[in-house]
Structures are given as structure tokens and as C-alpha cells.
Amino acid sequence: MTTTLFDRVIQWNLDRDGDMYGDERERFRWYEGMSAAASMQWLAVPWAAVVLVWTLGRSSVIPLAVVLVALMIPMLLCTAYVRRRQVETLPRFWSAKRVFWGLIGGIPYAVFMVGALHAYDPQGSTWKGAALGTVLGGAISLGIQVATSRRRRRLEALAVDED
């Protein structure tokens, strides 16, 4: 695999030489802590943006949108990094826990967008249509994800049966 600028940034950030986080055991504990902190921020920041956009209105939309985009970029880079390392990012099974946390993590972005539309035109119907579209789109998206996971499990089972 060719080393890219992205790979170099990741390697520098992981601190494999122990300069910032110590030996391998200590570094692993730091990574666990950072993962927990990031997971909590990935939930708290979008929900805070939702509350603020609905309470503060139009003046809060642009700054909060910038914050949400700044939060999303590392999330997307994280996904790209693990996919590049051949880690499967689509779950094999959708447990109730995975669905719950997926909804809790995804809903605030949709509610923020509806709130932003409401802030710019509270009397209009655009934000109402966006709310309905969000619910329908979310349900369809969840259905596609579940169907894809089931198809993948079926294909894996067929591959095992053939061996």
C-alpha cells in the first residue's frame, strides 16, 4: 500500500514512538479514553446544536452548521482510515443496541436541518416537508442497511457451505 499524506498524518497522530502516550499498554489505554471521549462528543455536540438552533433561531444556524461540519470531518476520516485498513464498517447484524445508537447519533443532524429551515422561514412549509422527508428517508435508509447486512450474511453462509 502506498503511503499517502493521510497515512502520514494518522501515523503521526497515533504516536507509535511513545513520545506522548508512553508504551504500548499506556497508549492502548489512552486510545480507549480518546475513543470514549470522541463517542460522547459525537452524540453531545449534535444534540446541543439541535437545542440551540431551535431556541436561538436564525442567528445560530451558520455557526452551528460550521461546528457540525467540523465534527463530521474527523468522523469521515476515521471511517476512511479503517476501511483502508480492510476493516468492515457495515455490521453483519443489526442489534437493538446498534439501531438505538445509530438513531441517537443520526437524528440530531436531521432535526438540525429541519430547525435551520424553520429558523429561516417559520411560516413556510419547507421545513415541514423536510421533516416528513427526513422521516421517510431515514426509514428507507435503515431498511436498506438492514437488507444489505442480511444479504451479506446469506452470501457468507453460502460461501461457507460451498467449502
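Okay, so let's go over this structure. (Residues numbered from 1 in each chain as written. Predicted model: local features only at pLDDT ≥ 70, side-chain atom pairs only at ≥ 80, totals over all residues. Heavy atoms only, no water.)

In this section: the overall build of the protein chain. Each helix and strand in the protein chain was counted, giving five helices and zero strands. Overall, the protein chain is about 55 × 50 × 30 Å in size when its C-alpha atoms are taken along their principal axes. Out of the 163 residues in the protein chain, the part that is buried amounts to 20%. Roughly 11700 Å² of accessible area belongs to the protein chain as shown, and the carbon and sulfur atoms make up 66% of that amount. In the protein chain, which carries 18 positive and 14 negative side-chain charges, the distance between the mean positions of the two groups comes to 9 Å. (Helix = DSSP H or I, 4+ residues; strand = E, 2+ residues; numbered from the N terminus. Buried < 20%, exposed > 50% of the residue type's maximum accessible area, 1.4 Å probe, protein only. Areas by Shrake-Rupley, 256 points an atom, 1.4 Å probe, with all protein chains shown as cover. Lys, Arg positive; Asp, Glu negative; His and termini not counted. Charge placed at Lys NZ, Arg CZ, Asp CG, Glu CD.)

Together, Arg 150, Arg 151, Arg 153 and Arg 154 make up a positively charged patch on the protein surface. Inspection of the secondary structure assignment puts Arg 153 in helix α5 (residues 126-162). (Patch = residues over 30% accessible without salt bridge, like charges linked within 9 Å, V, L, I, M, F, W, Y side chains within 5 Å. Salt bridge = Lys/Arg side-chain N within 4 Å of Asp/Glu carboxyl O.)

Our focus in this paragraph is the packing of helix α1 (residues 5-14) against helix α3 (residues 58-84). Where α1 meets α3, the axes come as close as 12 Å, and the angle between the chain directions of the two elements is 100°. Taken as axis vectors, α1 and α3 run roughly perpendicular relative to one another. Along its contact with α1, which presents Phe 6, Asp 7, Ile 10, Gln 11 and Leu 14, the element α3 presents Leu 77, Tyr 81 and Arg 84. Along the lines of polarity and charge, the residues of the contact of α1 with α3 split into five nonpolar, one polar and two charged. (Axes fitted to C-alpha atoms, helices over the stretch in contact; angles between N-to-C directions. Parallel < 35°, antiparallel > 145°, perpendicular 65-115°, else oblique. Contact = heavy atoms within 4.5 Å. Nonpolar A, V, L, I, M, F, W, Y, C, P; charged D, E, K, R; others polar.)

What follows concerns the pattern of salt bridges. Using the criterion set out here, one finds two salt bridges in the structure. A salt bridge links Glu 32 to Arg 29, with the nearest nitrogen and oxygen atoms 3.1 Å apart. With Glu 32 and Arg 29 both in helix α2 (residues 24-56) and three residues apart, the pair spans about one turn of that helix. For Glu 32, a relative accessible area of 39% puts it in the partly exposed group. Judged by its relative accessible area of 44%, Arg 29 is partly exposed. Between Glu 156 and Arg 152 there is a salt bridge, and its shortest N-O distance comes to 3.3 Å. With Glu 156 and Arg 152 both in helix α5 and four residues apart, the pair spans about one turn of that helix. Note on Glu 156: relative accessible area 29%, which makes it partly exposed.

At a minimum axis distance of 9 Å, the contact between α2 and α3 shows a crossing angle of 165°. By the angle between their axes, α2 is roughly antiparallel relative to α3. Judged by the twist between their axes, the crossing of α2 over α3 is left-handed. Together, Gln 41, Trp 42, Val 45, Pro 46, Ala 49, Leu 52, Val 53 and Leu 56 of α2 and Arg 58, Ser 59, Ser 60, Val 61, Leu 64, Val 67, Leu 68, Leu 71 and Met 75 of α3 make up the contact between the two elements. (Left-handed = near helix turned anticlockwise from the far one by under 90°.)

Before going further, it helps to examine α3. For α3, with 27 residues, the first-to-last C-alpha span of 39 Å sits near the 39 Å given by 1.5 Å per residue. Within the sequence span of α3, burial applies to Ser 60, Val 61, Leu 64, Leu 68, Leu 71, Met 75 and Tyr 81. Those residues of α3 that are buried lie in contact with α1, α2 and α4 (96-120). Positioned one or two residues after α3, Gln 86 has a phi angle of 60°, which is positive. (Expected span 1.5 Å × (residues − 1).)

Here the focus is the side chain of Ser 60. Residue position: Ser 60 is located in helix α3. For Ser 60, a relative accessible area of 7% puts it in the buried group. Among residues more than four places away in sequence, those in contact with Ser 60 are Leu 52 and Val 53.

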